[in-house]
Amino acid sequence: EPLMSLRGISKSFTLGGNTIHALRNVDLAVLRGEIAAITGPSGSGKSTLLNLCGLLDTADGGEMLYAGQPLPAADDARKTLLRRQTIGFVFQSFNLVPVMNAYDNVDFPLYLLGVPAAERVRRVNGALERVGLAGLGKHRPDQLSGGQRQRVAIARAIVKHPQLVIADEPTANLDAATAAQIIALMKDLAHEHGTTFLVATHDDRMLGHCDRALALADGVLLEGARHAH
Ligand code: ADP
Ligand code: ADP
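- The protein chain is annotated in an unreviewed UniProt entry as Putative ABC transport system ATP-binding protein from Pseudoduganella namucuonensis.
- Note on the protein chain: under the UniProt heading Sequence similarities (unreviewed entry), the record states "Belongs to the ABC transporter superfamily. Macrolide exporter (TC 3.A.1.122) family."

Next up, the structure:
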């Protein structure tokens, strides 16, 4: 069973009296443990698709299933809970809280979830260690390199043991060596834990490591072939 299924999903925006069809009749099955890339030119609907799959936004039409359960468009409370409990986010510009050190940035989702304090300490230290940042917990984002910041962001995304990680151009701001490390880390996590990664990317360094590429063109999704690694 797929982790997430989209059937006939559409999403429009109205801007100055014009209707913009950001997604048109999208069908997609996101499999557990896969790293799926979403590509397409600017304005083709990538962010809109990531927002829907990340349960941050609601489609106008179509059906979504998550972990086998229908996700009624109107049930915002349920989507918020599922998002907090099971989905992690990683961004191009890292989106860390600048006044919090690395440890507190990673701890924040667990705090929001109401995880008991002792369990939080164990999990935050585990996640920092997993991304290779044990010992750097006291550093604020401005005291870390770009690659280290993205590792903090990945630790923050995985600390709640998510089923799905949504990543928006996660390697765009990183040099080649650092990008390669971040990609390897994502692949290892997908294989170790069956975590699914949905990644909007133009980065050829990343695309070669994805299980498949989904191309968006003007809101229409063209599914690429699945490749074996
Ligand atoms: P991409 O991420 O591929 O650049 P987006 O999903 O951001 O594409 O945008 C798809 C289309 O929807 C674009 O034409 C964009 O201008 C439009 N769009 C996206 N979000 C909004 C919004 N909140 N209001 C109006 N138009 C939007
Ligand atoms: P923990 O020590 O947090 O209970 P595990 O021993 O199960 O976690 O896993 C080791 C590390 O792998 C953890 O520190 C965690 O950050 C990461 N991890 C665990 N589950 C997932 C998951 N579903 N997706 C990604 N990373 C995970």
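1. Examining the packing of aromatic side chains
- Under the definition given, this model contains two aromatic pairs.
- Taking 6.3 Å as the distance between ring centres and 10° as the angle between the ring planes, the aromatic pair formed by Phe89 and Phe91 counts as stacked.
- Its relative accessible area of 29% is what places Phe91 among the partly exposed residues.
- Aromatic pair Phe108 and Tyr111: ring centres 6.2 Å apart, planes at 15°, arrangement stacked. Taken together, the positions of Phe108 and Tyr111, both in helix H3 (residues 102-113) and three residues apart, correspond to about one turn of that helix.

2. Examining the site of ligand 1
- Taken together, Phe13, Leu15, Ile20, Ala22, Pro41, Ser42, Gly43, Ser44, Gly45, Lys46, Ser47 and Thr48 make up the full set of residues adjacent to ligand 1.
- Within the backbone of Gly43, an N or O atom sits 2.7 Å from an oxygen atom of ligand 1.
- One of the backbone nitrogen or oxygen atoms of Gly45 is found 3.0 Å away from an oxygen atom of ligand 1.
- Summarising the interface, the protein chains cover 64% of the accessible area of ligand 1, which totals 560 Å² for the free molecule.
- Ranked by residues supplied to the shell around ligand 1, first place goes to helix H1 (residues 46-53) with three residues.
- Looking at the shell around ligand 1, its residues break down into five nonpolar, six polar and one charged.

3. Some thoughts on the pattern of salt bridges
- Within this structure, the stated rule accounts for 13 salt bridges.
- Between Asp57 and Lys11 there is a salt bridge whose closest N-O contact spans 3.4 Å. Within this pair, whereas Asp57 is found in the loop between H1 and strand E4 (61-66), its partner Lys11 is found in strand E1 (residues 4-15), the two being separated by 46 residues in sequence.
- Across the pair Glu119 and Arg122 runs a salt bridge whose closest N-O atoms are separated by 3.4 Å. Of this pair, Glu119 and Arg122 both sit in helix H4 (residues 117-130), separated by three residues, roughly a single helical turn.
- The exposed category is assigned to Arg122, whose relative accessible area is 54%.
- One network of salt bridges, with partners in common, ties together Lys11, Asp57 and Asp60.

4. Observations concerning the pairing of strand E3 (residues 35-39)
- Burial analysis of E3 places five of its five residues in the buried class, the great majority of the element.
- Along E3, one buried face is formed by Ile35, Ala37 and Thr39 and the opposite face, lined by Ala36 and Ile38, is buried too.
- Across four bridges, the pairing between E3 and strand E9 (residues 212-217) is parallel. Bridged to Ala36 within E9 is Arg212.

5. What to know about the packing of helix H5 (residues 146-158) against helix H6 (residues 176-193)
- Where H5 meets H6, the axes come as close as 10 Å, and the angle between the chain directions of the two elements is 15°. Judged by the angle between their axes, H5 and H6 are roughly parallel. Seen along the crossing, H5 lies across H6 with a hand that is right-handed. Within the contact between the two elements, H5 uses Gly147, Gln150, Arg151, Ile154 and Ile158 and H6 uses Thr178, Gln181, Ile182, Leu185, Met186 and Leu189.

6. Brief notes about the nonpolar core
- Judged by nonpolar contacts, the single largest core of 36 residues is most densely connected at Val106, Ile154 and Phe197.
- Sorting the residues of this core by element identifies E3, H3, H4, H5, strand E7 (164-168), H6 and strand E8 (196-200) as the ones contributing at least two each.
- Looking at this core, the element that brings in the most residues is H6, giving seven residues.
- Beyond its immediate chain neighbours, meaning those up to four positions away, Val106 contacts Val124, Ala127, Leu128, Val152, Ala155, Arg156 and Val159.

7. Remarks on the pairing of E8
- Extensive coverage of E8 is indicated by the burial of five of its five residues.
- Residues Thr196, Leu198 and Ala200 point to one face of E8 and Phe197 and Val199 to the other, with burial holding for every one of them.
- The pairing of E3 with E8 spans four bridges and is classified as parallel. Bridged to Ala37 within E8 is Val199.
- Two elements, E7 and E8, share five bridges in a ladder whose sense is parallel. By the bridge assignment for E8, Ala167 is matched with Val199.
- For the segment spanning E7, H6 and E8, crossover handedness is right-handed.

So, how was this worked out
Residues numbered from 1 in each chain as written. Chains lettered and ligands numbered in written order. Predicted model: local features only at pLDDT ≥ 70, side-chain atom pairs only at ≥ 80, totals over all residues. Heavy atoms only, no water. UniProt positions renumbered as here; feature names shortened; annotations may be inferred. Phe/Tyr/Trp six-rings, centres within 6.5 Å; stacked < 30°, edge-to-face > 60°. Buried < 20%, exposed > 50% of the residue type's maximum accessible area, 1.4 Å probe, protein only. Helix = DSSP H or I, 4+ residues; strand = E, 2+ residues; numbered from the N terminus. Near = heavy atom within 4 Å. Polar contact = N/O pair within 3.5 Å; in protein donor to acceptor, adjacent residues only side chain to side chain. Areas by Shrake-Rupley, 256 points an atom, 1.4 Å probe, with all protein chains shown as cover. Nonpolar A, V, L, I, M, F, W, Y, C, P; charged D, E, K, R; others polar. Salt bridge = Lys/Arg side-chain N within 4 Å of Asp/Glu carboxyl O. Pairing = 2+ DSSP bridges. Axes fitted to C-alpha atoms, helices over the stretch in contact; angles between N-to-C directions. Parallel < 35°, antiparallel > 145°, perpendicular 65-115°, else oblique. Left-handed = near helix turned anticlockwise from the far one by under 90°. Contact = heavy atoms within 4.5 Å. Core = buried A, V, L, I, M, F, W, Y, C linked by side-chain atoms within 4.5 Å. Right-handed = clockwise from strand over helix to strand, strands pointing away.

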